Amino acid sequence: MKPTAIALATAAMLTAVPAMAEDLVLSIGSRGYGPAVERNLARYAEVNPDVSIEWNKVSDVPGETRKLYVTGLSAKSPTPDVYALDVIWAGEFAQRGWLEPLGGLLADETIAAFNPSLLTASTVDGKVHALPLYTDGIHFFYRSDLLEKYGLDVPKTWEEVLEASKTITEGEKNPQFYGFVSMWAKIEGLFMNWLAFTNGNGGGFYDADGNVAVNSPANIAATQYMVDLLHEHRYAPDSILNMRPDDARTLFQQGRAAFLMVQGFVHAPLSADDSPVAGKFDFARIPYFEGNEDANTTTMGGWFLGINPNSENKEAAAEFLTHFTAYEQQLTAAVEDNRAPTIPAVYDDPKMSEAEVLAKFGKNYDLGVVRPSAGTGSNYPKVSEIMQLAVTNALHRQKTVEDALNDAQAEIEAVLAD
Amino acid sequence: MTTSVTSPLDRRRHLTGMAFVTPTLLVITAILVYPILQSIVLSFGTSSLDGSEPYQFVGLKHYAALAQTERFWNALGVTLTFTALSIPLELIMGIGLAVLLNESFRGKGIARLAVLFPWALPTALNTLMWRWMYNTDYGLFNAVALQSGVVDRPINWLGDETLAMLSMVVVAVWKTSSFMALIILAGLQSIPRELYEAGRMDGMTRWQEFREITLPLLKGPILVALIIRSMDALRTFELPFNLTDGGPVTATESLSLYAYKVMFDFIEFNFGAAIVVVQFLVIFAMSLIYILTLRNKD
């Protein structure tokens, strides 16, 4: 303990109102943010010894935690006071009144320091309802040794990805080797993928006026590219349609794919000592379609921290939230635990040289895009399901791309009008 | 019965009996009857989770919407197909296993234990194991198929609509045949040896013994096993949830899985309750059919 901290702690103890110890309950999993939770709690206890925090270790399986929150928050339970939530729940929970707007509780400049793309995910009716704690986005991993072997540059556009896949798969002469793998099972990851592809073609979920436009020509073309990559060019394995992030990562790690498009967390296992591709891969931003260099193609996920509106101690909760997500805490979590900061300024900190990979991820996050969970609010789960089904139908060629996206557009309009 | 409680002693006995039974009845009412009624009530109205909006009766609105929902009919079809494919196979396997285990041979105890193993393990765990074996790119089945030269492209077991359903049936049969076998084995052991001895004296073959003695006397246990397993199959959840998550597209999405998604992903408890009530009726009808067809022949 630093002397200043001891002094502060002593001062706090002496000045604290006796017998009015404040108790807060924090709900967060034990794996997602890893050792950072414990460290942050210890740091907070040093400066706020009169506030005791009870850590409610919720499941790290998002679905289970969501169920727990849905039951507790809908019953207006006053605990937890502060809780961690998936980026895609923020809009829905805010709309259902399960998150306290942070405007009145936190300083404006505190909120303004965070990544603006991520903040949009918890902004409902113009109010920020939760702060991003850490993020993870999808990146484009490639086999640097193979690109070198065939004298290829790192593909920047999807057109170049096709060419590079052709050269490498033809050169490798292995029927079990594929150009491109990703998470195209019917999961949230597929929707993230679709947003990366369509945004990279100047499209996206919304048009420029903010209207839902999933069947725009740009989106149809980008989705058609996904279908063709699989069925016409056959650069992706059939099994890509049941792949979750780790399935795709495993294939890439076995040296059986040239390109991999999943979240950044795969970097650690890929570069582990016993990994066959350690030292033979690198990553870049998600490609774009020719002429769309400025497109935001890094679909971002991550976890937020928010305050329960029924908490009996919102001021203390807000103070705790501010401390927990602050610059210093994010910097340590980045350097020591490899958790990507959500305050862009952290990436420029000199200490970030100790976390090279994260620093490079950070550049991609400047090109961030989030799922439309804030705009669709409590309808987001349905909207996501509609989109996952539509893209799956197209990828399985159960419907043409145009039909699938037209149907999705109509269904989403009906859901949002309801 | 009314006469039996007229004397004071009898009356006291009767009251004591009631006193013993009442707590159990109350618990059963609380944990069984109340949720069932609540589901039915929910399915006929609209209400908010937190009770901020009062319950409103809407009649058959959710059921009418259900009839218009393609995905519901798909889930019903998937559930019935899965049941129709898996139950007969389980029954045949179950009878076979039971007859086998009823014979005396060395290591019978171990064999009985081994057969029970798949059933004793949690479905979720088994299913994840099978998912690995089915994996297209590094699963056991494709490794064997590719190396033996049976196929030259990996088979996409869980990514093809028909194969995914069949793969799911295989896991169910592997897992629950032993349960059928266990119940049928108990039935087998209650058949008196004398019947077989008499049959042998009359010159019956082993097959005739099986058809004329074993099978008719197994009707009771088979009925019980069929009803329990069909109910299970009609509410199957962990299996598709862990094996395919209902995919590809919705080819293996059972009624339970669909209801779960409607309730917990979309948070539409009233609509979800309607699905559950329909499922309840299907299971009820199925049980009735079994009981009537198998009992009438007696």
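Residues numbered from 1 in each chain as written. Chains lettered and ligands numbered in written order. Predicted model: local features only at pLDDT ≥ 70, side-chain atom pairs only at ≥ 80, totals over all residues. Heavy atoms only, no water.

## So, the packing of aromatic side chains
Alright, step 1. Under the defined criterion, the tally for this structure stands at 50 aromatic pairs over all chains.
Alright, step 2. Through pairs of rings, three or more aromatic residues link up here, namely Phe140, Trp158, Phe180, Trp184, Phe197, Tyr225, Phe259 and Phe289 of chain A.
Alright, step 3. One Lys or Arg, lysine 67 of chain A, reaches over the ring of phenylalanine 264 of chain B and ends 5.7 Å from the middle of that ring.
Alright, step 4. A cation over a ring is seen here: lysine 360 of chain A above phenylalanine 283 of chain A, with NZ or CZ 4.5 Å from the ring centre. (Phe/Tyr/Trp six-rings, centres within 6.5 Å; stacked < 30°, edge-to-face > 60°. Lys NZ or Arg CZ within 6 Å of the ring centre and 35° of its normal.)

## What about the interface of chain B and chain A?
Alright, step 1. Contacts between the two partners involve 26 residues from chain B and, on the opposite side, 32 residues from chain A.
Alright, step 2. Counting each side, the surface lost to burial between chain B and chain A is near 2,500 Å², with a carbon and sulfur contribution of 48%.
Alright, step 3. The three residues of chain B that bury the most area against chain A are Asp137, Tyr138 and Val249 of chain B, which together make up 25% of that side's buried surface.
Alright, step 4. On inspection of chain B and its partner chain A, the count reaches four salt bridges.
Alright, step 5. The interface formed by chain B and chain A includes ten residue pairs in polar contact (both at pLDDT 80 or more).
Alright, step 6. Among the elements that line the side of chain B that touches chain A, the one with the most residues is helix α12 (residues 255–265) of chain B, at four residues.
Alright, step 7. When grouped by side-chain class, the residues that make up the side of chain B that touches chain A number eleven nonpolar, five polar and ten charged. (Contact = heavy atoms within 4.5 Å. Buried area = accessible area lost by both parts, 1.4 Å probe. Salt bridge = Lys/Arg side-chain N within 4 Å of Asp/Glu carboxyl O. Polar contact = N/O pair within 3.5 Å; in protein donor to acceptor, adjacent residues only side chain to side chain. Helix = DSSP H or I, 4+ residues; strand = E, 2+ residues; numbered from the N terminus. Nonpolar A, V, L, I, M, F, W, Y, C, P; charged D, E, K, R; others polar.)

## Thoughts on the pairing of strand β3 (residues 82–86) of chain A
Strand residues, when the strand is regular, have side chains that alternate between the two faces of the sheet.
All names here are of chain A.
Alright, step 1. With five of five residues buried, β3 is to be regarded as a mostly interior element.
Alright, step 2. Both faces of β3 are covered, namely the face carrying Val82, Ala84 and Asp86 and the face carrying Tyr83 and Leu85.
Alright, step 3. The pairing of β3 with strand β10 (residues 298–307) spans five bridges and is classified as antiparallel. Bridging across to β10, leucine 85 finds its partner in phenylalanine 304. (Buried < 20%, exposed > 50% of the residue type's maximum accessible area, 1.4 Å probe, protein only. Pairing = 2+ DSSP bridges.)

## Observations concerning the environment of alanine 316 of chain A
Residue and element names in this part refer to chain A.
Alright, step 1. Checked against the element boundaries, alanine 316 lands in helix α13 (residues 314–324).
Alright, step 2. Take alanine 316: its relative accessible area is 7%, and that puts it in the buried class.
Alright, step 3. Spatially, the C-alpha atom of alanine 316 lies 24 Å from that of glycine 34, the residues being 282 residues apart in sequence.

## Comments concerning the domain arrangement of chain A
All names here are of chain A.
Alright, step 1. On domain assignment, one finds that chain A holds domain 1 (3–135 + 301–369) and domain 2 (137–299 + 373–417).
Alright, step 2. Between domain 1 and domain 2, the C-alpha centre-to-centre distance is 30 Å.
Alright, step 3. In total, about 1,900 Å² of surface goes out of reach between domain 1 and domain 2, with carbon and sulfur atoms giving 57% of it.
Alright, step 4. For domain 1, the biggest contributors to the area lost against domain 2 are Ile88, Leu367 and Val369; these three give 31% of the whole.
Alright, step 5. If you look at where domain 1 meets domain 2, you find one salt bridge.
Alright, step 6. Ionic pairing is found between lysine 360 and aspartate 282, a salt bridge with its closest N-O pair at 2.8 Å.
Alright, step 7. Summed over the shared surface of domain 1 and domain 2, the result is eleven residue pairs in polar contact (both at pLDDT 80 or more).
Alright, step 8. Elements with a minimum of two residues in the side of domain 1 that touches domain 2: α4 (90–95), β4 (123–124), α15 (356–365) and β11 (368–369). (Domains from an automatic or database assignment.)

## What about helix α10 (residues 219–234) of chain B?
Alright, step 1. The first and last C-alpha atoms of α10 of chain B sit 22 Å apart over 16 residues, in line with the 22 Å expected at 1.5 Å per residue.
Alright, step 2. Residues Pro221, Ile222, Leu223, Ala225, Leu226, Ile227, Arg229, Ser230, Ala233 and Leu234 of chain B constitute the buried set of α10 of chain B. (Expected span 1.5 Å × (residues − 1).)

## Describing the confidence of the model for chain A
All names here are of chain A.
Alright, step 1. In this model, chain A carries a mean pLDDT of 91, and residues with pLDDT of at least 70 account for 95%.
Alright, step 2. Of all the helices and strands in chain A, helix α1 (residues 3–15) carries the lowest mean pLDDT, 49, while helix α10 (residues 217–231) carries the highest, 97.
Alright, step 3. In this model, residues 10–20 is a region of pLDDT below 50 whose contacts with residues beyond four sequence positions or in other chains number four contacts. (pLDDT = per-residue confidence, 0-100.)

## Remarks on the nonpolar core
Alright, step 1. In terms of nonpolar packing, the biggest core is built from 136 residues, with Phe141, Trp158, Phe180, Trp184, Phe197 and Phe259 of chain A touching the most fellow members.
Alright, step 2. Each of domain 1 (3–135 + 301–369) and domain 2 (137–299 + 373–417) of chain A gives at least three residues to this core.
Alright, step 3. Excluding anything up to four places from it in sequence, tryptophan 158 of chain A contacts Phe140, Phe180, Phe197, Tyr225, Met261, Ile286, Pro287, Tyr288 and Phe289 of chain A.
Alright, step 4. Within the second largest apolar cluster, 40 residues are counted, among which are Val78, Leu185, Ile213 and Ile227 of chain B. (Core = buried A, V, L, I, M, F, W, Y, C linked by side-chain atoms within 4.5 Å.)

## A look at the pairing of strand β6 (residues 130–143) of chain A
Residues and elements named next belong to chain A.
Alright, step 1. Within β6, 14 of the 14 residues are buried, which leaves the element mostly enclosed by the surrounding structure.
Alright, step 2. Bridge count between β6 and β10: seven bridges; the pairing is antiparallel. Each bridged residue has a counterpart across the sheet, and for alanine 130 the counterpart in β10 is glycine 306.
Alright, step 3. Where β6 lies against strand β8 (residues 257–263), five bridges are found, and the strand directions are antiparallel. Within β8, the residue paired with phenylalanine 141 across the bridge is leucine 260.
Alright, step 4. By the bridge criterion, four bridges tie β6 to strand β9 (residues 281–284) in an arrangement that is antiparallel. Looking at β9, one finds that tyrosine 142 is bridged to aspartate 282.

## Focus: the pattern of salt bridges
Alright, step 1. Scanning all chains against the criterion turns up 26 salt bridges over all chains.
Alright, step 2. Here lysine 186 of chain A ties to glutamate 385 of chain A by a salt bridge, and the two come within 3.2 Å at their closest N and O atoms. Of this pair, lysine 186 of chain A sits in the loop between β7 (178–182) and α9 (188–199) while glutamate 385 of chain A sits in helix α17 (residues 380–395), placing them 199 residues apart in sequence. For the residue pair lysine 186 of chain A and glutamate 385 of chain A, the accessibility class agrees, reading buried in each case.
Alright, step 3. The shortest N-O distance in the salt bridge between aspartate 245 of chain B and lysine 261 of chain B comes to 3.8 Å. With aspartate 245 of chain B in the loop between α11 (238–243) and α12 and lysine 261 of chain B in helix α12, this residue pair connects regions lying 16 residues apart in the sequence. The same class applies to aspartate 245 of chain B and to lysine 261 of chain B, which are both buried.

## Considerations on the layout of surface pockets
Alright, step 1. Estimates place the volume of the second largest pocket at around 1,900 Å³.
Alright, step 2. Surrounding the second largest pocket, 49 residues form its lining, Lys382 and Val415 of chain A together with Phe266, Glu268 and Phe271 of chain B being those nearest its centre.
Alright, step 3. Going through the elements one at a time, α17 and α18 (401–417) of chain A together with α2 (61–67), α3 (70–102), α12 and α13 (269–296) of chain B are the ones with two or more residues in the lining of the second largest pocket.
Alright, step 4. A total of seven residues in the lining of the second largest pocket trace back to one element, the largest contributor, which is α17 of chain A.
Alright, step 5. For the lining of the second largest pocket, the residue count by class is 20 nonpolar, 16 polar and 13 charged. (1 Å grid on protein atoms, 1.4 Å probe; cavity = no way out; pocket = protein on both sides within 12 Å on 5 of 7 lines; lining within 4 Å. Points joined across faces, edges and corners; volume = space filled by probe spheres on them.)

## Notes on the environment of valine 41 of chain B
All names here are of chain B.
Alright, step 1. Its location among the elements puts valine 41 in helix α1 (residues 8–43).
Alright, step 2. On the accessibility criterion, valine 41 (40% relative accessible area) is partly exposed.
Alright, step 3. In this structure, the C-alpha to C-alpha distance between valine 41 and arginine 106, residues 65 residues apart in sequence, is 57 Å.

## Describing unusual backbone geometry
Residue and element names in this part refer to chain A.
Alright, step 1. Across the junction of threonine 79 and proline 80, the peptide omega takes the value -5 degrees, indicating a cis bond.
Alright, step 2. For lysine 76, which is not a glycine, the phi torsion comes out positive at approximately 60 degrees.
Alright, step 3. One can find lysine 76 in the loop between α3 (62–74) and β3.
Alright, step 4. Even without glycine at this site, aspartate 125 takes up a positive phi of about 55 degrees.
Alright, step 5. Mapped onto the secondary structure, aspartate 125 falls in the loop between β4 and β5 (127–128).
Alright, step 6. Residue classification places aspartate 125 among the exposed residues on the basis of a relative accessible area of 73%.

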